Every structure is written in C-alpha cells, then in structure tokens.
Amino acid sequence: MRYLCRLGFLKSYSIDNLLYLPFIKSQSCLLSSHSKSSKLHPSKNGHNKSQTESETKSIGSLFSEIAEILGAETVTDGRYPDVFSESKGTQLSFSEVSAEYTSCTQGVRRIAEENTREQVNLSVLEDTQARSSSGNDVSPMVEEITNIVRAETGGGSMEERLENSGLVLDSEVVEKVLKRCFKVPQLALRFFSWVKFRNGSCYTTRTYNAMLYIAGEAKDFGLVEKLIGEMEEKGCEKDIKTWTILISHYGKAKLIAKALLILEKMRESGCEPDAAAYMILIRSLCNAQKADIALEFYKEMVQMEMQLDMSLYKLLLTCLAGCGDIAGFQSVADDMIKGSQIPERDVFSCMLKSFCIAGRIREALKLIHDLNDKNLTLEPDDFETLVKGLCKADRITDALEIVDIMKKRKVLDAETHGIIISGYLRRNDIPRAFDLLQSMTESGYVPTVSTYTELMQHLFRLNEYQKGCKLYVEMLERGVEPDSVAITAMVAGHVRQNHISEAWKVFNSVLERGLRPTWKSYSVFIKELCKISRTDEIIKVLNEMRASEIVVRDEIFNWIISYLEKKGETEMVQKVIQMQRTCKLYPKEHEASGNNVPKRLAHNLDLNSKQLESGSTNFHLVEHIPKTNNEQDLQEICRVLSTSTGWCLIEEALERCTVQFTPHLVVKILHNCSLHVHAALRFFSWVGKRDGYSHTTETYNMGIKILGCGKNFKDMKNLFFEMRRKGHPITPDTWTIMIMQYGRAGLTEIALRNFAEMKADNCKPNGSTYKYLIICLCGRKGRKEDEAIKLFQEMIRAGYVPDKELVETYLKCLSQAGKLLDGRRCIEALRKLGFTIPLSYSLYIRALCRAGRLEEAVALVDEVGTERVKLDQYIFGSLVHGLLRRGRLKEALEKVDSMKEVGIHPTVHVYTSLIVHFFKEKQMEKALETFQKMKEEGCKPTIVTYSALIRGHMDMGNIVDAWNVFRLIQREGPFPDFKTYSMFISSLCKVGKSEEAMQLLSEMLDSGIVPSTINFRTVMFGLNTEGKHSLASTVLQKKLALKSKRMLLA
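Rules used in this analysis
- Residues numbered from 1 in each chain as written.
- Predicted model: local features only at pLDDT ≥ 70, side-chain atom pairs only at ≥ 80, totals over all residues.
- Heavy atoms only, no water.
- Helix = DSSP H or I, 4+ residues; strand = E, 2+ residues; numbered from the N terminus.
- Buried < 20%, exposed > 50% of the residue type's maximum accessible area, 1.4 Å probe, protein only.
- Contact = heavy atoms within 4.5 Å.
- Areas by Shrake-Rupley, 256 points an atom, 1.4 Å probe, with all protein chains shown as cover.
- Core = buried A, V, L, I, M, F, W, Y, C linked by side-chain atoms within 4.5 Å.
- Axes fitted to C-alpha atoms, helices over the stretch in contact; angles between N-to-C directions.
- Parallel < 35°, antiparallel > 145°, perpendicular 65-115°, else oblique.
- Left-handed = near helix turned anticlockwise from the far one by under 90°.
- Patch = residues over 30% accessible without salt bridge, like charges linked within 9 Å, V, L, I, M, F, W, Y side chains within 5 Å.
- Salt bridge = Lys/Arg side-chain N within 4 Å of Asp/Glu carboxyl O.
- Lys, Arg positive; Asp, Glu negative; His and termini not counted.
- Charge placed at Lys NZ, Arg CZ, Asp CG, Glu CD.
- Phe/Tyr/Trp six-rings, centres within 6.5 Å; stacked < 30°, edge-to-face > 60°.
- Lys NZ or Arg CZ within 6 Å of the ring centre and 35° of its normal.
- Polar contact = N/O pair within 3.5 Å; in protein donor to acceptor, adjacent residues only side chain to side chain.
- Expected span 1.5 Å × (residues − 1).
- pLDDT = per-residue confidence, 0-100.
- Nonpolar A, V, L, I, M, F, W, Y, C, P; charged D, E, K, R; others polar.

Peer 1: Residue-level account of the overall build of the protein, with values.
Peer 2: In terms of regular secondary structure, the protein is built from 55 helices and zero strands. A burial count over the protein gives 51% of its 1050 residues as buried. Considering only contacts within the protein whose residues lie at least 6 apart along the sequence, 67% involve residues at least 24 apart. Counting only carbon and sulfur atoms, one obtains 51% of the accessible surface of the protein, whose full area is about 49,100 Å².

Take a look at the structure:
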C-alpha cells in the first residue's frame, strides 16, 4: 500500500504554456548569429548587464557553444528566401524532396507504431486461429454466431435467432465471439447475458477476461465490478491476464489509486505481476505524470531482470524529464545502455527528444555538449527534435539558427519547415508563417499535410474563409493527400459559413479516399452545426455516426441535448435521450424488432407465471442487469433540473423518470445542481414526498448548504427546524454549515450566536466548526480579531490541530491588525503541537510580509539560529515579495542571487512578484523577459502569474495582448478563476471596453462560475458611462434572470 499512500503528495506536470509575445513586423528577418534574441545576450545597459550576467553565462553562452559545435560560426546574415533556398547546384528536385521526406519520416512512423501497439502479452483480443482445444476448426461457427450478434436486421430478435440457430456453444466459441464484438459492447453484453442464462457452463476465466476487456474499453467500471463479483460467485479464479486487464483499464482511465489497489490485491492472491503487468502500470503512471511511483516500479523490474520495450523507455524518460527528476532520468538512460544494451547513439536521441518535449532546453543543450565530448554526431532526426523543442519553448530565433545549420548540412526537409511554421502560429504571427510557406514552396519543398491543416485552421478562426479554401485547393494541386484531420478542418470552415452542402461533399470525400471518419471528425462536425443552429443536419450526422458503428460517447449526446434544450425543442430532446440510451451498455428497453421470447428460452430463464402474460412477455435485459449505474442516473436528473423550462415541465420529466432515488444519489444531485437553487430545492421537496424514500441528515445538510450559498438565510433556518421536527440527528456538521454560510456573508455576529446555540444544545464543536468560524472572523467582512484569538486558543485546548489554511488566515489577520504578540503565541502553540521550527516561523514570516511588516519579518528570521538554511527555503519568495512591494528592487535581486548560490532556484511566487513589479514600474520588456525566463527555467506559471500578465498588459494599454493571454489560458490552462474574470472585467471597463467585459459575464456562466453583484454593477456602470444604455439594460436583465434562477421562489 506504500504507493497508495504517496498519491496525495504527487503533483501532475503539464507542458509549459506558450504565450503570444508581440513584436514589430519587419520586411526581413535576420537569421545570423548576430540576430539572436535578447534573452541570450547581455544588455548594453550596464545596470541590466549586472543583473543578467549569470543568466547570460548559463544559457546564452551554452547555446552559442552548441551552435559552434554544430557549425553555426560560419553563418552569415540572410533573409527568409536565402535561409530556406538552395543554390542551383544543390537544389533538390520534387522527387528527391519526396524521397528525402519519406526517409526522414520513417523513424517517426516507427515510433508511432510502437506507441499504438497494445501492451506486451495483453492478448485478450487475439483470434488468429479459431480452433477448439480438441483441434477442430470452429471458425465457421464463430463467424456464423458473430454475424447473428452483429446483424442489424433479420427476423426476430438477436436472442431468437441465436436460439433458432441450433448451434451448440462451448466456452471457447463464446470467448472468440466476444473478441470479435469488442467494438460493439452493447451487443457483446446482450450475447454474454443470453449465453449466461442459456448455458452457465460456458463461463470460464477466459470468457470473463474477454468481457472484462470489453467493459473496460467502454469505460463502464460499474459493469467491471459486477463481472468481478460474478467471477467470485461462480468460483472462476482470476489469472494473471485478469489482473493485467484490470490494471490496464483502470490505468488508462487515470484511476491510479484503483490500479495500485488492484496490484496489491493481485499480490495478496498469490499472483505475482509479470513484465506485461509492470509495463502497463508504468505506462499508466507516466501518462498520469506520477513519475516517482513509476520510477519505483521500474526499479523493481530492473531488480527482477525484466526489461522495458523502447516505446516505454521513451515514455518514462519524458515523464521524468517533465517532472524535473534529472537524477532518475539519468539512471534510466544508463540502464538502457548498460542493462538493455541499446546503442548509446539511440539512447541519446531518446534523451534529447524527452528533454525537448518537456520544454527543458537547458538540459537538451547540455546533452548535445556531452555528445560532442563523446565524439558522437547529431543525426537529421536530432536536429529536427531540437528545432521542435526550441519552437515549443518560444525560441524561434534560436530554432532558425539550427535550421541554417541543417541547410548547410543538406538535411533540411519539409517537416522542419512545418515545425517553424507551427511555432509562428502558436505566436499568432500569421504573416511570418505564410512568408515561410511561400519561401519553402519557391525553394522546391512540398509542405506536409499537417502544415497545411494548421494554416487552414488558423485562417478559419480568423474568418478568412476564402483564403482557407484556396489553401486547401493548393494542397490538392500539389499532390498532398489530405488526411482525416485536414478534411475535418475544411468541414468546420464550410459549416461556419453555413455552406452545408460543401461541408457534406468534403466530409464524404473521406470514404472516397479510402479513409474512415473518426470520432473526432464527427464530434467537430456536430459541434460546429450546433453553433449555427442546424438541428436537422445535427441529427443527420448523429445517424451517420451510429450507422458507421462508431461508439457515440455521452460527451456528444450532452452537447446536442444542451443545444436542443436552449432552443426549446423538447420533443427532439426526448428522441436524442432515447438514442443515447440505446448506445449504453445497459439499454433500458430491448432494442430488437421481435418482442416475444421463445418458450425454451423462457424455461431456461425460469420466468414465473407473473412475468408471463398471454403466453408471451417482453424480453427485458434489465431484468438481469441493473438498469443504470449511479453516474448515469446522476447525469440524467441533473440534465432535467438544469433546463430553462418551468418547474411544471421539470416535474413531469421527473415523474416519467425510472431512477431509483437513494439519499446518496440525492446528495450528489443537489451538489451538482447548486447553481440552480430554485430547481434544486423544489427537487428536494419533491423527492422527499416519494414513496419508499426519506431524507437523511446528509440530504438536509446539503439542502441547508445550498440555501446558505444563495443567501436565503430565512429558508435555511426553516429547513433546519424542519430537520429537527422530523427527528433527524443534528450533527456538528449541520451547525458548521450554517455557521460557515453566515460567516462568509459577513454576518459574523449571527455566526457567533449560532455557535453559542450549538454549545447550549449540547452539540460539541468539531475541528471543522472551529476552523470555518475562525476563518470567517478573520475575513475582511465582519472581522472580529479578539473573538478569533479566543476561539483559536479554545480550539487548541480542545485538542484540535489547525491545518495550514487556518494558520495562514489567522496569522495574516493578526499581522494586519498589529497583534504581533498573539502571533508569537500562535507559533509557540504550533511548535507544541508538533510543527517544526522552520515551518511555524515561515508561516508567521509570510503573513508579516504580506501585511507589509517587512522589518518585523526580517527580525524574526534572525531568531531562528541553526535551522536558518531550511527556513530560507520556505520564506524566500515572501521576502522577495515584501522587498518588491517596498520598491527595493536591488535588494530583492540580491536576495535572488544569494539563494541561487546555495542551490535554491526562484519559485513561481518570486517570478510572479517580479513581473508585477516591472509592470507597475512601466517596464513591460523586463516583465515579459522575466516571464520568458521563468518558462525556460522549467517553472510552470500559475493562474496568478497569467492574471498579473493580463493586468499588466491592460495597464500598459495593450488590450489585444491581454486578450491573447486570456484566450491562451482558456484553451490550454491554467483556466481562469473568479478572481481572474473579475480583474479582467474591471480593467476592461476602466479603459472603455465595457462591451468586451459584457462578453466575459457570459463566458463566466458558461464556465460554471457565477458572476458577483459587483461584476454586474461594474459592467452596467461602464456601459452607461459609454452611452450604451440598451446593452446596460441587457446586462441588468441577465442579472435578474440569474437571480431568479438562484432564489427559491414561492
């Protein structure tokens, strides 16, 4: 269980986000060594030079040295056409370019094949030779049964046709039929259920393994658990393949804790994992960015002399590089060379690619330097990898120098051009991307289909429809065969212009070209049709998708249902919901054309006389399989409650619903529908009156919480009294919820009265009660420092240990109120509770710095003594932040340098503080340089960092740049939160862009974030000030509509 215990402390890694950095468009772009970006060279200004000297030495000189190693010292100034063109003597013909492109992409294809190959020994779907254990060829029988199961038409139901076939099935035949039906899980399940009740002897471990694989592929883990339960009931022992299948599917779904728990159970059963199980688990951990656990399992494999395949080695290296575990990264690379005896040259290529994918350019450059020391040379693929990594790190100028070297070595190809174009597109620098496209085509290079696709997508986003179509035609004329992604991009472009016939023509061309539309192609088509409100075409695409035997996921159905509900097409909503049910593993009704069950089947099912009417009955699969799992029920009810229709229609839909309500399900429904307070509370009342159901303390607690969030305190208290009248236990959590809701609204007097009532009612406060009451008393609204101090001391005496959130809030309040002696008492109490000296002092020092009490914070640092080094690691960012708030930039930078000398690198807090300071001082270039340097150092920006960038651009008048940053985080994360939206709305209204701020209100609601009254007031004031009174009225109506939805109406 040691791996499970560690999960809570892991941090997932994601590739650094890219930021659009504006720069002046010039007619030419110098690509020589003299045109390197400023971040690689010292500034001419003496003051700046002293600040950036260490950075220049570390990465600037390193890149220059690498460029010299690769042959860049002879590069001369040139323009785009010169860089990407060859002299007449060296220019490649079209056929030569194609041949070179083919050879250069063979390695990429090989890697793709390795990555898409199923994990080793997980051969649950192999069916190469359909022979029974006796040696008889059963393939004709398997083929016949498969045709019956998968046939869409025919006389009678599937079960009837199977019954009438007269075929005798054994376990091997059943297993092979299931394997051939893994792409149609609902049919496989029906066949599985039919055989189970017809011939129970056909069920073996192998047949259950096949069905487990199918259920796992469909991500129906409720069915997976049910099948495991059946195996145990029937005495089918789990073999190593069973455990491996479970680990694989839970891992693919990123349910890492569950996968690790399965591994522990596997070992407890006496079945030791083999190499396949280890590799599957490591792959899942790497995909979930759990690098340290993956490394531990890898070490276990090494100890047992098991080896990874090449694709998994690459994945593990990339994961370790991304998480910054360079020591683990190097140890794996050493094992590849020494243990697996992979050629050192191949290992180097894997290491370089991993560093570049992870955005660790510094490590990649150092690796190339080490390669030179070992007299190994770079291959063409390595150059391409380095170019891709530099572009991903937004260092296109440096990438162009590598391109120039590739040109001199005659290894430049169309793929590399495409990487540079993609880099420009990430920057939204469309003109330079098209300049490069033109120069490469003039030089005889043929752009790849992915390059054309990216350019078309950007043109369509910019509403440049004609240019996008022209580019598609150009691609076809050059003989570049479009793939499904390119065709999908073109379809989306046509749909946005409402050219539906052209969209269908292009979409159908996929089949003509021997391709097959993917799930993504259909989903993009449907999403674009929803945007232009073409219901008939949406249903047409949906039917096409079902006919092509592609599994329609809930995601697509939910898009369509949401769209239809907004249009008020209730009848169509019901039809789509019915279609969704037929695609489930648990169909609510039998879908076959025939409804009568054969007498022999009825006998085998042992149906009693009450189930039979007039000699026949409807064959319901749901009689033997649960109608739906809890998640499906939850989604269905939440969709009904979130509709914009009135309560009468919602109630009718609920009455028609066949969901079996339980208190646990009701709590989840109320939680998910908390934004729709009116509907949620009406549902609470409605479900409480249903036969066979009664509310519990937990459901009442959730109802009280929802009313409190909506600031409907009168009804909240009434619900509390109702709960007491009906005899439900009033728990500390019930009181805590009410206290917390009053406190968050600033009604701290009422919160304290409720706390006193709680004690008078002989209900003992728990740790959560103390925590949330103290946090509310320390807040800005209704702050009461003295009461907070008394309660904190009472909490300590009661034996409760405060958590980090409470301590930080409490100390911040004391620091702002000047109650420094109470702050010292707090850290003394924390030390007695087991907090270390560095941790307790660091919490207080941070609070002092945030309150602007820098001198008191520094004095406290000097008291620590021997544990000063560890304390410095904790408070480094806070001290720098405090110095910058005072305008003491020089001292802050000296602090940063001193920490670097002892091996402590700047944190995201430090970088963000510097960015805020430079923007405040109107030094935009330094702010952007700091942000760029932050990414190069592998420090991942947070939403606070991006918010600082947005505010800084707005303060500097760069509204377009602010929007570019905002759109970037909307697409790639970290996603905007309430504070980011509020800040951006306020900034836009200040500069007379209230109409754009109005757009943000709608986006907040779409993101599940409820705008505050202040947000609405700010936008309305701005619109009225700008003379846009009709728009201000629209905002007011939107506010009132939201208020009515969130309030409980009579």
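From this point, the discussion proceeds with the structure in view.
Peer 1: Outline the environment of Leu 476, listing residues and values.
Peer 2: Considering the arrangement of structural elements, one finds Leu 476 in helix H24 (residues 465-477). Dropping the residues within four chain positions of it, Leu 476 is found in contact with Pro 482 and Arg 513.

Peer 1: Can you tell me about the nonpolar core, naming the residues and giving the values?
Peer 2: If you look at the biggest cluster of nonpolar residues, it comprises 167 residues, and the most contacted ones within it are Phe 191 and Ile 420. With residues near it in sequence (within four places) discarded, Ile 420 still touches Val 387, Cys 391, Ile 396, Ala 399, Leu 400, Val 403 and Leu 436. Grouped together as the second largest cluster of nonpolar side chains are 135 residues, Met 738, Ala 788, Val 965 and Ala 997 included.

Peer 1: Go over the environment of Val 506 with me, naming the residues and quoting the values.
Peer 2: Looking at the secondary structure, you find Val 506 in helix H26 (residues 500-512). Its relative accessible area of 11% is what places Val 506 among the buried residues. The sequence separation of Val 506 and Met 490 amounts to 16 residues, and the corresponding C-alpha distance is 7.3 Å. Apart from residues no more than four positions distant in its own chain, Val 506 is found in contact with Tyr 472, Ile 487, Met 490, Val 491 and His 494.

Peer 1: Account for the packing of helix H50 (residues 943-955) against helix H51 (residues 959-972), with residues named and values stated.
Peer 2: The geometry of H50 relative to H51 is characterised by a closest axis approach of 7 Å and an angle of 160° between their N-to-C directions. Our classification of the angle between H50 and H51 gives roughly antiparallel. The handedness of the crossing between H50 and H51 is left-handed. On the side of H50, the interface is formed by Ile 943, Tyr 946, Leu 949, Ile 950, His 953 and Met 954, while H51 contributes Ile 959, Asp 961, Ala 962, Val 965, Phe 966, Leu 968 and Ile 969.

Peer 1: Go over a positive patch on the surface, please, and point to the residues and values.
Peer 2: Side chains of Arg 780, Lys 812, Arg 850 and Lys 979 sit close together on the surface and give a patch of like positive charge. Position of Lys 979 relative to the elements: it lies in helix H52 (residues 978-990). For Lys 979, a relative accessible area of 68% corresponds to the exposed category.

Peer 1: With reference to specific residues and values, describe unusual backbone geometry.
Peer 2: Backbone torsion omega between Gly 973 and Pro 974 reads -5°, so that peptide bond is classified as cis. Relative to the helices and strands, Pro 974 resides in the loop between H51 and H52. Unlike most non-glycine residues, Asn 762 shows phi in positive territory, near 60°. Along the chain, Asn 762 turns up in the loop between helix H39 (748-760) and helix H40 (767-777). We classify Asn 762 as exposed; its relative accessible area is 74%. One non-glycine residue, Lys 922, lies in positive phi territory at about 60°. With respect to the helices and strands, Lys 922 occurs in the loop between helix H48 (908-920) and helix H49 (924-936). For Lys 922, a relative accessible area of 52% puts it in the exposed group.

Peer 1: An account of the packing of aromatic side chains is needed here, citing residue identities and associated values.
Peer 2: What the rule picks out here adds up to 24 aromatic pairs. Here the aromatic cluster, defined as three or more aromatic residues joined through ring pairs, consists of Trp 504, Phe 507, Tyr 522 and Phe 525. The ring of Trp 504 has Lys 540 sitting right over it, with the charged end atom 4.4 Å from the ring centre.

Peer 1: Any details on the side chain of Gln 741? Residues and values, ideally.
Peer 2: Inspection of the secondary structure assignment puts Gln 741 in helix H38 (residues 732-744). Of the polar contacts made by the side chain of Gln 741, one reaches the backbone nitrogen of Cys 709; its length is 3.5 Å. Gln 741 has contacts with Lys 705, Gly 708, Cys 709, Phe 713 and Met 716, leaving out every residue within four places of it along the chain.

Peer 1: Residue-level account of H48, with values.
Peer 2: With 13 residues, H48 should reach 18 Å at 1.5 Å per residue; the first-to-last C-alpha distance of 18 Å fits that figure. Taken together, the buried positions of H48 are Val 910, Tyr 911, Thr 912, Ser 913, Leu 914, Ile 915, His 917, Phe 918 and Phe 919.

Peer 1: Give a description of the pattern of salt bridges that names residues and reports values.
Peer 2: Think of it this way: side chains of opposite charge can pair up when their charged atoms draw near. One pass over the structure, following the stated rule, counts 38 salt bridges. Residue Lys 179 is joined to Glu 175 by a salt bridge in which the shortest nitrogen-to-oxygen separation is 2.9 Å. Residue Lys 179 and its partner Glu 175 are located together in helix H7 (residues 171-180), separated by four residues, close to a single helical turn. Just as Lys 179 is buried, Glu 175 falls in that class too. Among the salt bridges present, the one from Glu 528 reaches Lys 531, with a minimum N-O distance of 3.5 Å.

Peer 1: Can you tell me about H7, naming the residues and giving the values?
Peer 2: The element H7 is extensively covered by neighbouring structure, given that eight of its 10 residues are classed as buried. What H7 keeps buried is the set Glu 172, Val 173, Val 174, Glu 175, Lys 176, Val 177, Leu 178 and Lys 179.

Peer 1: Residues and numbers for the confidence of the model for the protein, please.
Peer 2: Per-residue confidence for the protein gives a mean pLDDT of 76, with 80% of residues at or over 70. Across residues 8-57, confidence stays below pLDDT 50; counting only partners more than four residues off in sequence or on other chains, it has 105 contacts. Contacts from residues 585-629, a stretch scored under 50 in pLDDT, to residues over four places away or in other chains number 77 contacts.

Peer 1: So what's going on with the packing of H51 against helix H53 (residues 994-1006)? Residues and values would help.
Peer 2: Running from amino to carboxyl end, H51 crosses H53 at an angle of 10°, the nearest separation of the two axes being 14 Å. Judged by the inter-axis angle, H51 sits roughly parallel to H53. Judged by residue contacts, Ile 959, Trp 963, Phe 966, Arg 967 and Gln 970 of H51 engage Glu 996, Gln 999, Leu 1000 and Glu 1003 from H53. Here the contact of H51 with H53 is composed, by residue class, of four nonpolar, two polar and three charged.

Peer 1: Could you give me a rundown of the environment of Lys 819, with the residues and numbers involved?
Peer 2: Here Lys 819 shows up in the loop between helix H42 (804-817) and helix H43 (820-832). Separated by 34 residues in sequence, Lys 819 and Glu 785 place their C-alpha atoms 8.9 Å apart. With residues up to four places along the chain from it excluded, the contact list for Lys 819 reads Glu 785, Asp 786, Ile 789 and Leu 814.

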